[in-house]
Amino acid sequence: MALRNKRKRVLVDPGVQWAIVRQAVIHWLAFTLAAMTLLALQFLALGLITPSYEQWGTVCRVLAAMFVSLTLLLPLFVLDSFQLSNRFVGPVKLLRRALRDLADGKQYKRVAFRKGDFWQEMADELNRAVETLQDQRSEEVPAGFAHDGECRSKDLETVA
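Note that the coordinates shown come from a computational prediction; the quantities given were computed from them, not determined experimentally.

Chemist: So what exactly am I meant to see when it comes to the overall build of the protein chain here?
Modeler: The helix and strand inventory of the protein chain stands at 4 helices and 0 strands. The order of helices and strands in the protein chain, counted from the N terminus, is α-α-α-α. The buried share of the protein chain, reckoned over its 160 residues, is 22%. When contacts within the protein chain are restricted to residue pairs at least 6 apart in sequence, those whose partners lie at least 24 apart make up 61%. Here the protein chain has roughly 12,100 Å² of accessible surface; of this, 63% comes from carbon and sulfur atoms.

Printed below as a string of structure tokens:
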């Protein structure tokens with residue numbers, strides 16, 4: 001059962017997921033720039049008290065350490081974006097496939113999302129809607145006739 005909860009692919013819907021990662025990277029860049037600017041301004045303000053040559057050395061060391069730390073965190077941000085987006089992109093992909101199969105007249109397989117995925121209720125609602133439609137169709141078909149309108153001889157023998 002544990003295997004069912006593991007996704008084999010990192011990118012389920014590359015267009016959507018790369019857009020999310022792009023946005024996360026833009027936010028990371030904005031945060032990094034803002035943090036480094038604020039830190040530099042703080043050191044420059046302190047530079048009024050201490051000599052500037054000492055101040056610039058300290059500013060450069062702190063900014064370099066901060067930049068390295070934030071750069072090491074970037075892959076974690078990207079990976080987390082992929083993992084989070086899989087929890088809603090995967091279910092949408094399954095729903096689209098189920099709807100496409102229904103439209104193509106293929107046999108319907110109940111939709112079930114992985115544990116932790118978003119929109120669990122949507123799978124339940126789709127399954128319920130399909131079951132209701134299938135029940136309505138089975139009630140509409142008169143006894144002795146198959147779904148394709150062909151008369152079944154076995155059913156006719158029991159009626160006669």
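Still to come is the rest of the account.
Chemist: Help me understand the pattern of salt bridges in this model?
Modeler: Pairs can form between side chains of opposite charge whenever their charged atoms are close. If you walk through the whole model with that rule in mind, you get 2 salt bridges. Residue Lys-106 is joined to Asp-101 by a salt bridge in which the shortest nitrogen-to-oxygen separation is 3.9 Å. The partner of Glu-131 in a salt bridge is Arg-110, with the nearest N and O atoms 2.3 Å apart. Pair noted here: Glu-131 is in helix α3 (residues 120-140) and Arg-110 is in the loop between α2 (52-103) and α3, with a separation of 21 residues, a long-range link. Since its relative accessible area comes to 36%, Glu-131 is described here as partly exposed.

Chemist: How should I be thinking about the nonpolar core in this particular structure?
Modeler: Proteins that are soluble and globular tend to have nonpolar side chains buried together. Formed by Leu-95, Ala-98, Tyr-108, Val-111, Phe-113, Ala-123, Leu-126 and Val-130, the largest nonpolar core amounts to 8 residues. Among the secondary structure elements, those contributing two or more residues to this core are α2 and α3. For this core, the element with the most residues is α3, which contributes 3 residues. Setting aside its immediate chain neighbours within four residues, Tyr-108 contacts Ala-98, Leu-102, Leu-126, Asn-127, Val-130 and Gln-134. Formed by 6 residues, the second largest nonpolar core is a distinct cluster that contains Met-36, Leu-39, Ala-40 and Leu-63.

Chemist: Help me out: how do you make sense of a nonpolar patch on the surface in this one?
Modeler: A cluster of nonpolar side chains, contributed by Leu-84, Val-92, Phe-118, Trp-119 and Met-122, occupies part of the molecular surface with about 400 Å² of accessible area. With respect to the helices and strands, Met-122 occurs in helix α3.

Chemist: What is the right way to look at the packing of aromatic side chains in this model?
Modeler: In this description, an aromatic ring pair is defined by two values, namely the gap between the centres and the angle between the planes. Counted under the stated rule, the structure contains 3 aromatic pairs. Summarising the aromatic geometry, the rings of Trp-18 and Phe-82 are spaced 5.2 Å apart at their centres and angled 90° between planes, so their arrangement reads as edge-to-face. Of this pair, Trp-18 sits in helix α1 (residues 14-46) while Phe-82 sits in helix α2; the two residues are 64 residues apart in sequence, bridging distant segments of the chain. Classification of Trp-18 as partly exposed rests on a relative accessible area of 41%. Judged by relative accessible area, Phe-82 falls into the buried class, the value being 8%. Aromatic side chains Phe-88 and Trp-119 sit 6.1 Å apart centroid to centroid with 65° between the ring planes, which places their arrangement in the edge-to-face category. Here Trp-119 lies in the loop between α2 and α3 and Phe-88 lies in helix α2, a separation of 31 residues in the sequence. We classify Phe-88 as partly exposed; its relative accessible area is 23%. In this structure an aromatic cluster arises from ring pairing among Phe-88, Phe-118 and Trp-119.

Each value, and the rule that gives it
- Residues numbered from 1 in each chain as written.
- Predicted model: local features only at pLDDT ≥ 70, side-chain atom pairs only at ≥ 80, totals over all residues.
- Heavy atoms only, no water.
- Helix = DSSP H or I, 4+ residues; strand = E, 2+ residues; numbered from the N terminus.
- Buried < 20%, exposed > 50% of the residue type's maximum accessible area, 1.4 Å probe, protein only.
- Contact = heavy atoms within 4.5 Å.
- Areas by Shrake-Rupley, 256 points an atom, 1.4 Å probe, with all protein chains shown as cover.
- Salt bridge = Lys/Arg side-chain N within 4 Å of Asp/Glu carboxyl O.
- Core = buried A, V, L, I, M, F, W, Y, C linked by side-chain atoms within 4.5 Å.
- Patch = residues over 30% accessible without salt bridge, like charges linked within 9 Å, V, L, I, M, F, W, Y side chains within 5 Å.
- Phe/Tyr/Trp six-rings, centres within 6.5 Å; stacked < 30°, edge-to-face > 60°.

By themselves these figures say nothing about function.
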